[in-house]
Amino acid sequence: MKKIRTRFAPSPTGYMHIGNLRTALFEYLIAKHENGDFLLRIEDTDQERKVEGAVDIIYETMREVGLHHDEGPDIGGDFGPYVQSERLPMYKEYADRLVELGGAHYCFCSEEAVEKQRKECELINKAFKYDDPCKHISLEEARKRIESGEPYVVRQTIRHDGATYFDDEVYGRIEVDNDILDESVLLKSDGYPTYNFANIIDDHTMGITHVVRGNEYLSSTPKYNLVYQAYGWDIPTYVHVPPVMKDDHQKLSKRNGDASFQDLVKKGYLPQAILNYIALLGWAPESEQEIYTLQELIEIFDIKRISKSPAIFDINKLTWMNGMYLRAMSLDEFHELALPYYDGVIQSDVDLKAVSKILQQRVEVLTQIPEMIDFIDALPEYDIEMYIHKKMKTTYEIALKALQASEKALADLNDWSSEESVHEVLLALPAQLEMKNGQVLWPVRTALSGKQFTPGGAIEIAHILGKDEALRRIAVGIQKLEAAVHES
Ligand code: GLU
């Protein structure tokens, strides 16, 4: 069997759309599942859309998620150059050859003439298909006009009769009447190819066996196949993949700030979690398992399990998955990632590693961290009613008793170096007071944090705050509760 070769062919737009990254992942998995090659090709023929630094974003993203290419502009390979703007002489040569083979013709029409026809079609609600008078110019005459310096494009020539079909790995047989296929421009007057041409020349000359791309290319693929046929080339295996959508109607769009890999990383998602999640967009493994390493995905990936239907990007699912990844890390790794989020939020001299330890169990997305730890430096204002916990039957009286006993017991504790000693002291209290654990721990946690929800419980928080600060906050709680009991 021929060695499988796939390619990721992004246009340098300045950001990595999640749908594109998903395509790259599928391309990578299809190749690597069979020990094949995965190439990176930069499609920069649309020079107007070129963005400075955009190619670096592509390299960086691929590196961050661990999709390493075997050939590409930065590392070379036997089939370069891997940037389309560096392949212009080649496209010109192939375009001329295609004209000789009858698969294309030179066209001298002005853009206005084409536009005029397009408008006319629009007016009568007819699908636009350029009826090109240049098709009737003899090759000899066309060459003369080119030599004399007249601007021209190379336009595909499509016969009107018959139909073209191919079998897509995902969408099955696609068949279209040749008559509806538009004869599009293959090579522009400035010598740049259009996507319609470059994709064919590049995929063929780079030995691509599997073309994986968005299903928006499905309808023009028959046109491309006619070009392959004109050259007498083998048609690659096509794997068109469904789009990634925000919901049933809307695509993920850059404008909403939810479409790019960079946006998600900025929001605190981990590259590995993102990659894992997008593997499941439009593809499903046989088992129920959802967490996979890249290596595991390589092993189980199967083209046959790619779905035709649009995939909905569910941020809640990604958030859940991200939390799973955070919890699966070592504390040291998590701490490393969490540290930047403490900046400017924790200035007091607390053990940051201990903070990381309680956070790791709770955080789903790193950007949640500042809000979760904002009580550490200063006790927030809080409502006295937070002491009431209905299920635990905690009243102001019970809370006050619990805090008073805790204050006394903790004041006697001198070794705060480990959580265990705090644990021992506080957990001895419920029995002494004839209360439930929660009736002691709830008020203590409330007094220490002033918050309803915190990472970690009363014991961990007391340990992090240290003796003086913990006692000071408990004293504040006692004061508040005394006033409340007095009033009622
Ligand atoms: N440059 C095209 C895009 O970014 C690639 C399509 C393809 O993979 O052939 O949409």
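This text goes with the structure placed above it.
The structure presented is a predicted model; accordingly, all values stated were derived computationally and were not measured.

(A) Molecular detail of the packing of aromatic side chains. In the structure shown here, the tally under the stated rule is 15 aromatic pairs. Grouped by ring-pair contacts, the aromatic residues Tyr-94, Tyr-228, Tyr-231 and Trp-233 constitute a single cluster. Lying over the aromatic face of Phe-128, Arg-118 brings its terminal NZ or CZ to 4.5 Å of the ring centre. The ring of Tyr-382 has Lys-480 sitting right over it, with the charged end atom 4.3 Å from the ring centre.

(B) Region of interest: the pattern of salt bridges. All told, the structure shown has 26 salt bridges when counted by the stated rule. A network of salt bridges, in which partner residues are shared, links Arg-7, Glu-27, Arg-41, Glu-43, Arg-87, Asp-202 and Asp-203.

(C) Here's a closer look at the site of the ligand. Every residue lining the ligand is accounted for by Arg-7, Ala-9, Ser-11, Glu-43, Tyr-195, Val-212, Arg-213 and Tyr-217. Within the backbone of Ala-9, one N or O atom sits 2.8 Å away from a nitrogen atom of the ligand. At 2.5 Å from an oxygen atom of the ligand is found a side-chain nitrogen or oxygen belonging to Tyr-195. Look at the ligand: alone it shows 300 Å² of surface, and the protein chains cover 84% of it. When each cavity is represented as a set of grid points, the ligand is found to reside in the largest pocket.

(D) Geometry of the pairing of strand E9 (residues 237-241). Counting buried residues in E9 gives four out of five residues, a clear majority hidden from the surface. Where strand E8 (residues 210-214) meets E9, five bridges bridge the pair, whose relative direction is parallel. Note on E9: the bridge partner recorded for His-210 is Thr-237. Once the chain exits E8 it traverses helix H7 (residues 221-231) before rejoining the sheet at E9, and the crossover so formed is right-handed.

(E) How the structure looks around the packing of helix H16 (residues 419-433) against helix H18 (residues 458-465). Contact geometry of H16 with H18 gives a least axis separation of 9 Å together with a crossing angle of 130°. Taken together, the axis directions place H16 and H18 in an arrangement best described as oblique. Note that H16 runs across H18; the crossing there is right-handed. Two secondary-structure elements touch here, H16 through Glu-419, Val-422, His-423, Leu-426 and Leu-427 and H18 through Ile-459, Glu-460, Ala-462 and His-463. Residues that form the contact of H16 with H18 fall into these classes: five nonpolar, two polar and two charged.

(F) Seen up close, helix H13 (residues 352-360). Buried residues of H13: Ala-354, Val-355, Ser-356, Ile-358, Leu-359 and Gln-360, and no others. Capping the start of H13 is the job of one residue whose side-chain oxygen sits 3.0 Å from the backbone nitrogen of Lys-353: Asp-351.

(G) A look at empty space enclosed by the protein. Here the structure, examined in full by the defined rule, presents one cavity of 30 Å³ or more. Its boundaries defined by the atoms lining it, the largest cavity holds a volume of some 50 Å³. The residue inventory of the lining of the largest cavity, partitioned by class, reads four nonpolar, four polar and no charged.

Cut-offs applied
Residues numbered from 1 in each chain as written. Predicted model: local features only at pLDDT ≥ 70, side-chain atom pairs only at ≥ 80, totals over all residues. Heavy atoms only, no water. Phe/Tyr/Trp six-rings, centres within 6.5 Å; stacked < 30°, edge-to-face > 60°. Lys NZ or Arg CZ within 6 Å of the ring centre and 35° of its normal. Salt bridge = Lys/Arg side-chain N within 4 Å of Asp/Glu carboxyl O. Near = heavy atom within 4 Å. Polar contact = N/O pair within 3.5 Å; in protein donor to acceptor, adjacent residues only side chain to side chain. Areas by Shrake-Rupley, 256 points an atom, 1.4 Å probe, with all protein chains shown as cover. 1 Å grid on protein atoms, 1.4 Å probe; cavity = no way out; pocket = protein on both sides within 12 Å on 5 of 7 lines; lining within 4 Å. Sits in = over half its atoms within 2 Å of the grid points. Buried < 20%, exposed > 50% of the residue type's maximum accessible area, 1.4 Å probe, protein only. Helix = DSSP H or I, 4+ residues; strand = E, 2+ residues; numbered from the N terminus. Pairing = 2+ DSSP bridges. Right-handed = clockwise from strand over helix to strand, strands pointing away. Axes fitted to C-alpha atoms, helices over the stretch in contact; angles between N-to-C directions. Parallel < 35°, antiparallel > 145°, perpendicular 65-115°, else oblique. Left-handed = near helix turned anticlockwise from the far one by under 90°. Contact = heavy atoms within 4.5 Å. Nonpolar A, V, L, I, M, F, W, Y, C, P; charged D, E, K, R; others polar. Points joined across faces, edges and corners; volume = space filled by probe spheres on them.

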